[in-house]
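Structure assessment
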Amino acid sequence: MTKIEKIVLSYSGGLDTSIILKWLQETYGCEVVTFTADLGQGEELEAVRAKAEMSGVKDIRIVDLREEFVRDFVFPMLRANALYEGQYLLGSSIARPLIAKHLVGLAREVGADAVAHGATGKGNDQLRFELAVNALDPSIKVIAPWRKWNIRSRMQLLEYAEKHRIPVPSDKRGEAPFSIDANLLHTSTEGKSLENPAEVAPDHVYQRTVDPVDAPDTPEIITIGFERGDPVSVNGKAMTPAALLTELNGLGGRHGIGRLDLVENRFIGMKSRGIYETPGGTILLTAHRGIESITLDRAAAHLKDEIMPRYAELIYNGFWFAPEREMLQALIDHSQAFVSGEVTLRLYKGSASVISRASPCSLYSADLVTFEESAIAFDHHDAEGFIRLNGLRLRSWAARNGR
Ligand code: ARG
């Protein structure tokens, strides 16, 4: 095995990464620094410090990355209206490059030659972590214990924990928990009964949204302000990115917005079924399309929609820090210069619908489109010629076909 001097571990304090911590210390006999990010997963992070201390970690880093996450990762992605396979808002995909960036930064700071993560060999997350590390600092090695050790099952994992006196939460001794990944953008739940896509997901998998059936019978009207493509206020109140997304998660969750039961294609090659809850993100996607509808030129909007699936796939597959994602981002960002104004939405029993939109930079012209008499010169004969020329080749084609 290659000699490793110091490792920075992406550490959640959960059972898996606690075992990984012990395994790294034993296997490499070197110092392990733990890195834990607050991405709004809603867990008590000070408890993580105590756990790391108990495992003999000297250098424990716990960092609040909520603002950076939303400002520099979630919002740029929302500018593109990114959806993977038409539906997934990429809540886990977009968090990994941020964590990887900080793992690399910390490795450089403390002079570590490797970083480690707890993603398994079957998922997308290993790709997102490792491709990001490759792109940011090729000199840093990546250790993925799940692909290296000979622990092959949940049972063996628990045995290892017992042997090394790593506390196993009592609910994890009996039934295995779902595999959950949460942050300010979403909660993702996979595994167990969800692995059968023919089986309906049990109600208790949902954590941050109510069932739309149980949502309030009265709709709630909200207004979101945008500046240059990014949301900046809710109901006239200016908010930081993380505060704004937190606020919309509360509103969306109460109205049962943003639930998704999806079978998706993983980059590694298999299909998987997951339950996603993205309340605030779902509201923002609808609102952003609403403000774009009056501020973007048609061809600009259509070009954005053409590249969107490609852009979303890059993020899903782990290429956030790749040159082609940055090139597409430059195009998307450029398109947002006039995407400013206000969108009003109605939240009601699982849906967020735009009910009005307004912008000082609007391209919408009531005078031009009106069914009434208009002051703007629009020669109806121009439309006749426009149709005649567009129909020219169709008339030739139909005549040839003998229709
Ligand atoms: N399938 C989702 C993705 O690839 C989520 C992965 C992490 N979620 C989890 N529950 N372990 O982005």
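Summary of the structure given here. (Residues numbered from 1 in each chain as written. Predicted model: local features only at pLDDT ≥ 70, side-chain atom pairs only at ≥ 80, totals over all residues. Heavy atoms only, no water.)

**Here we look at the packing of aromatic side chains**
Going through the model one piece at a time under the given rule, you end up with eight aromatic pairs. Ring geometry for Trp23 versus Tyr28: centroids 6.1 Å apart, planes at 80°, classification edge-to-face. For the pair formed by Trp23 and Tyr28, the shared burial category is buried. For the pair Tyr84 and Tyr316, a centre-to-centre distance of 3.6 Å together with 5° between the ring planes defines the contact as stacked. A residue pair is termed long-range when its members are at least 10 positions apart, and Tyr84 in the loop between helix 3 (66-79) and helix 4 (95-110) and Tyr316 in helix 10 (residues 298-317) qualify at 232 residues. Among the residues examined, Tyr84 registers a relative accessible area of 7% and is labelled buried. Feature note: the residues Trp23, Tyr28, Trp146 and Trp149 constitute an aromatic cluster, connected by ring pairs. Looking at Arg128, its charged tip hangs above the ring of Tyr316, at a distance of 4.9 Å from the centre. (Phe/Tyr/Trp six-rings, centres within 6.5 Å; stacked < 30°, edge-to-face > 60°. Buried < 20%, exposed > 50% of the residue type's maximum accessible area, 1.4 Å probe, protein only. Helix = DSSP H or I, 4+ residues; strand = E, 2+ residues; numbered from the N terminus. Lys NZ or Arg CZ within 6 Å of the ring centre and 35° of its normal.)

**Description of the site of the ligand**
Not every one of the 14 residues close to the ligand is listed here, only the nearest: Tyr88, Asn124, Ser179, Glu190 and Glu264. One nitrogen or oxygen atom from the side chain of Tyr88 is found 2.6 Å from an oxygen atom belonging to the ligand. At 3.4 Å, a side-chain N or O of Ser93 approaches an oxygen atom of the ligand. Across the complex, the protein chains shield 92% of the 340 Å² of accessible surface that the ligand would expose by itself. Of all the secondary-structure elements, those providing two or more residues to the shell around the ligand are helix 5 (125-136), strand 6 (179-182) and strand 7 (187-190). A per-element tally of the shell around the ligand places strand 6 first, with three residues. Looking at the shell around the ligand residue by residue, the classes come out as four nonpolar, five polar and five charged. (Near = heavy atom within 4 Å. Polar contact = N/O pair within 3.5 Å; in protein donor to acceptor, adjacent residues only side chain to side chain. Areas by Shrake-Rupley, 256 points an atom, 1.4 Å probe, with all protein chains shown as cover. Nonpolar A, V, L, I, M, F, W, Y, C, P; charged D, E, K, R; others polar.)

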